[in-house]
Structures are given as C-alpha cells and as structure tokens.
Amino acid sequence: MTESDIIVTGIGGQGVLTLANVIAWSALREGLDVKTSELHGLAQRSGTIPCHVRFGEKIYSPLVLEGKANLIIGLEPLEALRACYYGSKKNKTVFLINSYEVIPLSIFVAKEKYPSLNYIINALKSFSANVITLDASEKVKNTTGGIISTNIYILGYASAKKLIPLKKQSILKGMKEVIPKRYLELNKKVFDLGFKAGQ
C-alpha cells in the first residue's frame with residue numbers, strides 16, 4: 001500500500017480531532033503504520049484545528065508536506081481554504097468540504113467579509129482539480145435534529161467514494177474505538193447516511 005496523507009481541518013467543536021482519531025484507529029485496525037499530528041490550542045475558543053493523519057506500510061513523520069496531501073477534509077469552508085497549500089494538482093489532491101459556514105471572530109474584528117463558497121471553491125481549484133462540497137450539516141440536521149455528527153457523515157461519504165483507502169468494516173471498528181458508547185449507534189446511522197450519499 002502506498003502512503004496516504006490526509007488533512008482534517010475545521011474549528012473547535014466540529015469534531016476535527018474525533019474524525020482524525022477515527023481515521024487513525026481504522027488504519028491501525030488494518031495493521032498499518034500510523035502517525036498523526038494536531039494543533040488544537042485554540043480549540044476551546046472556536047479556533048482553527050488542523051490535524052494530519054498519515055498511514056501506510058512505514059511512516060516516518062506525522063506531518064503532511066506542502067502539496068503532498070491526498071485528501072483534505074474541511075469541516076468548514078474557510079478552514080479548508082486555509083489548508084490549501086497542502087494540496088496540489090500534481091498529487092491529485094481531493095478537497096472534501098462541508099459547506100456549512102462558521103464565521104470566525106477574526107472576521108468581525110478585522111471588519112473583513114467572509115468569502116463566498118464560490119470564491120473558496122475557485123481559489124482551491126488552483127490546488128486541485130477535484131473540489132467536492134457537501135451540505136453535510138444540513139443532511140445531518142434533517143436526520144438527527146443537530147449538526148454534531150457532521151464529521152461522521154463526511155467520513156461515510158469519503159469511505160463510499162474510496163477517498164480514504166480503508167475498508168468500511170475497519171472504519172466502523174475505528175469509530176467504536178473513539179466514539180463514546182452512548183453516541184455510537186447514532187454515529188453509525190449518520191455514517192450510513194453519508195455512505196449512501198457517496199454511492
């Protein structure tokens with residue numbers, strides 16, 4: 001198996017760390033070498049959280065290099081744009097982005113305008129020929145009444161599209177390792193919802 005380099009990004013409270021950990025545990029379930037790195041110092045203030053997940057036969061560094069990501073999952077559009085430099089057309093990076101906007105405080109402080117989704121998509125096209133946007137939060141809200149499991153919906157979608165080269169059963173086992181038991185069944189339901197959307 002070749003190496004897989006994945007960036008998961010979003011803001012505090014969106015389940016960025018949970019999603020990265022599920023992917024890492026899923027890869028471990030397949031006997032792969034896994035390295036992860038995360039920056040979550042501002043997570044409790046709705047700050048940016050970029051996580052790196054790398055897996056393969058042998059991984060020597062936890063950090064995805066510039067232009068080397070295979071997949072960038074953005075749980076929030078602006079955060080996906082902030083991670084753009086990890087993507088490249090040469091490496092056939094796929095951006096998978098939840099279209100749900102969470103406007104950061106810094107936009108208000110600087111009196112800036114939050115960029116439109118079209119602006120973000122067009123900017124990302126300089127880094128990738130494959131930018132996928134999903135209204136994942138809306139789909140999850142319609143099913144569960146909240147958006148808390150949006151990260152797992154996107155995981156299901158990515159699994160069905162084979163954007164993450166891991167078996168579905170391994171991912172379900174990875175979810176069991178990371179997600180508290182009382183939330184597991186709900187998250188399995190949301191995973192299946194995303195998986196069906198990706199088929």
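Residues numbered from 1 in each chain as written. Predicted model: local features only at pLDDT ≥ 70, side-chain atom pairs only at ≥ 80, totals over all residues. Heavy atoms only, no water.

Asks: How would you summarise the packing of helix H5 (residues 136-144) against helix H6 (residues 150-160) if you had to cite specific residues and measurements?
Replies: In a pair of packed helices, the angle between the axes and the distance between the axes together describe the arrangement. Interaxial distance between H5 and H6 falls to 9 Å at its minimum, and their mutual angle equals 110°. For the element pair H5 / H6, the angle class is roughly perpendicular. The element H5 and its partner H6 pack so that their crossing is right-handed. Mapping the contact onto sequence places Ala136, Ser137, Lys139 and Val140 in H5 and Thr150, Tyr153 and Ile154 in H6. Looking at side-chain class alone, the contact of H5 with H6 contains four nonpolar, two polar and one charged residues. (Axes fitted to C-alpha atoms, helices over the stretch in contact; angles between N-to-C directions. Helix = DSSP H or I, 4+ residues; strand = E, 2+ residues; numbered from the N terminus. Parallel < 35°, antiparallel > 145°, perpendicular 65-115°, else oblique. Left-handed = near helix turned anticlockwise from the far one by under 90°. Contact = heavy atoms within 4.5 Å. Nonpolar A, V, L, I, M, F, W, Y, C, P; charged D, E, K, R; others polar.)

Asks: Explain the packing of aromatic side chains residue by residue, including any values.
Replies: Taken as a whole, this structure holds two aromatic pairs when the rule is applied. Between Tyr85 and Tyr86 the ring centres are 4.6 Å apart and the planes differ by 40°, which places this aromatic pair in the tilted class. Across from the ring centre of Tyr60, 5.9 Å away, lies the NZ or CZ of Lys58, which sits over that ring. Between the NZ or CZ atom of Lys168 and the centre of the ring of Phe195, over which it lies, the distance is 4.2 Å. (Phe/Tyr/Trp six-rings, centres within 6.5 Å; stacked < 30°, edge-to-face > 60°. Lys NZ or Arg CZ within 6 Å of the ring centre and 35° of its normal.)

Asks: Break down the layout of surface pockets for me, citing the residues and quoting the values.
Replies: Estimated volume of the second largest pocket: approximately 230 Å³. Forming the walls of the second largest pocket are 14 residues, and the residues nearest its centre are Thr18, Ile148, Ser149, Asn151 and Asn187. Looking at the lining of the second largest pocket, the elements with two or more residues in it are H6 and helix H8 (181-198). Broken down by class, the residue content of the lining of the second largest pocket amounts to seven nonpolar, seven polar and no charged. (1 Å grid on protein atoms, 1.4 Å probe; cavity = no way out; pocket = protein on both sides within 12 Å on 5 of 7 lines; lining within 4 Å. Points joined across faces, edges and corners; volume = space filled by probe spheres on them.)

Asks: Break down the sheet that holds strand S2 (residues 33-38) for me, citing the residues and quoting the values.
Replies: Here we have six strands laid out as an open sheet, ordered S2-S3-S1-S4-S5-S6, and mixed in their pairing. Each end of this open sheet is capped by a strand with a single partner; those strands are S2 and strand S6 (130-134). Adjacent strand axes in the sheet meet at a mean angle of 15°, parallel and antiparallel pairs treated alike. Across four bridges, the pairing between strand S4 (residues 71-74) and strand S5 (residues 94-98) is parallel. Residue pairing across strands places Leu71 opposite Val94, the latter belonging to S5. Strand contacts of helix H4 (residues 117-124): S5 and S6, with the helix running at about 155° to S6, the strand carrying the most contacts. (Pairing = 2+ DSSP bridges.)

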